[in-house]
Amino acid sequence: MSTPPDDDLGRYLTTLPGWREFVATATGEAMAMLTQAEYDSLSKEQKYDYDEDRLNHHARLQVVATSTVRHTVTCGRRLIILNRGAVSARRGLIVSGPANTGKTIALTQLGLAHELQDRRRHPGQDERIPVIYITVPPAATPRMIAAEFARFLGLPVLRTSNITDLTEAVVGVCTKARTGLILVDEIHNISLHTRTGAEASDTLKYFSERIPATFAYAGIDIEEGGLLSGTRGDQIAARFTSVATHPFPYNAEWKALVAQMEATLLLHQHKRRTLSRLDRFLHTRTSGMIGSLSHQLRGAAVDAILTGTEKITKAGLLAVDLDIASHRKRPGSPDTDAST
């Protein structure tokens, strides 16, 4: 048993080592839980290492195959295949919805699916970089966009590097490394209402014309923002397919999500189906937002290990503070009381 280093590029998806660590973790073997007798037989140091491993397990985002994730992967894979023969005007994908509804999860799962498919088609070719993942900085300029690409690839970004230098370096590496999918998160930080935003959008369009890859964006309420306005926005709307994320209603899928997350817990005293019996309470408390649900359950699991209770109860769930958004009343949703 071992714990990951505290300061490692593997923690950041916006770097190539980080992305590869994400893929390795997603495809690695799940941690096995010891029996109570095996746990009791460990030395003090061994128990510490084992508990640290369990804390790391619960700290990671528990990904479940929601209908939104499946739809995003299906649409994305279809576009990637259709774009193989495209010389120009490749079509892309936009994942859009309210905050905390699983946009980044859907985007990265599409990237994971493509990465694994590329590795199966081209085994042993470690020089390939099938996927690039970047986030758009606030008030992004064209140079900032180019710099994000360069940093992911590990290219030097010097104060003297102009956008042409960065762009040519990025295009060269992507072409040589056969990059087939480029993920751009936080795309709502680009607004076509401003000159800088319009120029940043043009930079992404230029990259899409120079790199033979499918582009997939994710952002908050894109259609209500400034990315699809004006002539430039019309061009984007004509070339991109949209996948919407949303809070989940209380239905069979929500119940299945809670059950799947509960199945990943590594707690010695937790009784099966405890959370399944609280699935309506969890829906009320999180307003059906998958991000809030994940934070709620992971936080309670961490507390259960740190306190030694080794189980999640309703009281333990209430002890985990949630984000402000999960407490807001959404249009068309029933009144909720997080304390019930």
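Residues numbered from 1 in each chain as written. Predicted model: local features only at pLDDT ≥ 70, side-chain atom pairs only at ≥ 80, totals over all residues. Heavy atoms only, no water.

Asker: I keep staring at the overall build of the protein chain and nothing clicks. Help me out?
Answerer: When helices and strands are tallied, the protein chain shows 13 helices and five strands. Expected size for 340 residues packed as a compact globule is a radius of gyration near 20 Å; at 22 Å, the protein chain falls within 12% of this value. Classification of the 340 residues of the protein chain by burial places 45% in the buried group. As displayed, the protein chain has an accessible area near 17,200 Å², and 53% of this comes from carbon and sulfur atoms. Of note, the protein chain has its 40 positive side-chain charges centred 6 Å away from the centre of its 37 negative side-chain charges. (Helix = DSSP H or I, 4+ residues; strand = E, 2+ residues; numbered from the N terminus. Rg over C-alpha atoms; globule rule 2.2 N^0.38 Å. Buried < 20%, exposed > 50% of the residue type's maximum accessible area, 1.4 Å probe, protein only. Areas by Shrake-Rupley, 256 points an atom, 1.4 Å probe, with all protein chains shown as cover. Lys, Arg positive; Asp, Glu negative; His and termini not counted. Charge placed at Lys NZ, Arg CZ, Asp CG, Glu CD.)

Asker: Whenever I open this one, the pairing of strand β3 (residues 181-185) confuses me. Can you help?
Answerer: Of all five residues in β3, five are buried; the element is thus mostly enclosed. Burial along β3 is two-sided: the residues Leu181, Leu183 and Asp185 and Ile182 and Val184 are all buried. Sheet topology note: the strand β2 (residues 131-135)/β3 ladder contains five bridges and is parallel. Within β3, the position partnered with Thr135 by the bridge is Asp185. Taken together, β3, helix α8 (residues 195-210) and strand β4 (residues 214-220) constitute a β-α-β crossover, and its handedness is right-handed. (Pairing = 2+ DSSP bridges. Right-handed = clockwise from strand over helix to strand, strands pointing away.)

Asker: I'm lost on the packing of helix α10 (residues 252-263) against helix α11 (residues 279-286) in this one. Help?
Answerer: Packed helices, taken two at a time, are described by their axes: the angle between them and the distance between them. In contact at an axis separation of 10 Å, α10 and α11 are set at 100° when each is read in the N-to-C sense. One element, α10, and the other, α11, form an angle in the roughly perpendicular class. Listed contacts from α11 to Trp254, Lys255 and Val258 of α10 are Asp279, Leu282, His283 and Thr286. Tallied by class, the residues present in the contact of α10 with α11 amount to three nonpolar, two polar and two charged. (Axes fitted to C-alpha atoms, helices over the stretch in contact; angles between N-to-C directions. Parallel < 35°, antiparallel > 145°, perpendicular 65-115°, else oblique. Contact = heavy atoms within 4.5 Å. Nonpolar A, V, L, I, M, F, W, Y, C, P; charged D, E, K, R; others polar.)

Asker: Would you mind showing me how to read α10 here?
Answerer: Every α-helix carries 3.6 residues per turn, so stepping three or four residues along brings you back to the same face. When the terminal C-alpha atoms of α10 are compared, their 17 Å separation across 12 residues agrees well with the 16 Å that a helix rising 1.5 Å per residue should span. Along α10, the residues that are buried comprise Trp254, Leu257, Val258, Met261 and Glu262. Each buried residue of α10 lies within a common arc of 130° when the element is viewed along its axis, so the set occupies one face. Of the exposed residues in α10, those oriented more than 90 degrees away from the buried face are Ala252 and Ala263. Buried residues along α10 sit against α11 and α12 (290-307). Where α10 begins, the side chain of Asn251 points an oxygen toward the backbone nitrogen of Glu253, at a separation of 3.1 Å. (Expected span 1.5 Å × (residues − 1). Arc of directions from axis to C-beta. Polar contact = N/O pair within 3.5 Å; in protein donor to acceptor, adjacent residues only side chain to side chain.)

Asker: So what exactly am I meant to see when it comes to the pattern of salt bridges here?
Answerer: Pairs can form between side chains of opposite charge once their charged atoms are near each other. The full count for this structure, using the stated rule, is nine salt bridges. Across the pair Arg54 and Asp51 runs a salt bridge, and its minimum N-O distance is 2.7 Å. With Arg54 and Asp51 both in helix α3 (residues 44-59) and three residues apart, this pair spans about one turn of that helix. Each member of the pair, Arg54 together with Asp51, is buried. Where Glu148 meets Arg151, a salt bridge forms, and the shortest distance between an N and an O atom there is 3.5 Å. Highlighted residues: Glu148 and Arg151, both in helix α6 (residues 142-153), separated by three residues, approximately one helical turn. The class for Glu148 is buried, based on a relative accessible area of 16%. Relative accessible area serves as the criterion here: at 44%, Arg151 is assigned to the partly exposed category. Several salt bridges share partner residues, and in doing so they unite Asp51, Arg54 and Glu310 into one network. (Salt bridge = Lys/Arg side-chain N within 4 Å of Asp/Glu carboxyl O.)

Asker: What am I meant to see in the confidence of the model for the protein chain here?
Answerer: Do not read the fine detail of predicted coordinates wherever pLDDT is low. Confidence in the prediction for the protein chain averages 89 pLDDT; 91% of positions are at 70 or higher. Per-residue pLDDT stays below 50 along residues 1-7; that stretch engages in 11 contacts with residues further than four places along the chain or on separate chains. Confidence drops under a pLDDT of 50 for residues 331-340, and excluding neighbours within four residues, the segment shows 12 contacts in the predicted structure. (pLDDT = per-residue confidence, 0-100.)

Asker: Looking at this model, I keep getting lost on unusual backbone geometry. Mind explaining?
Answerer: Across residues other than glycine, the phi torsion is negative in most instances, and most of the peptide bonds are trans. Even without being glycine, Asn100 reaches a positive phi, approximately 75°. By the secondary structure assignment, Asn100 is in the loop between β1 (92-97) and α5 (103-121). If you check the backbone angles, Glu310 has positive phi at about 60° while not being a glycine. As for its position among the elements, Glu310 is in the loop between α12 and α13 (314-318).

Asker: What should I look at first to understand the pairing of β4 in this one?
Answerer: Side-chain direction in a regular strand flips from residue to residue, so the side chains alternate between the two faces of the sheet. Across the seven residues that make up β4, a large majority, six, are buried. Note that β1 and β4 share five bridges and pair parallel. Note that in β4 the partner of Gly97 across the bridge is Ile220. Pairing analysis gives four bridges linking β3 to β4, with the strands arranged parallel. By the bridge assignment for β4, Leu183 is matched with Ala216.

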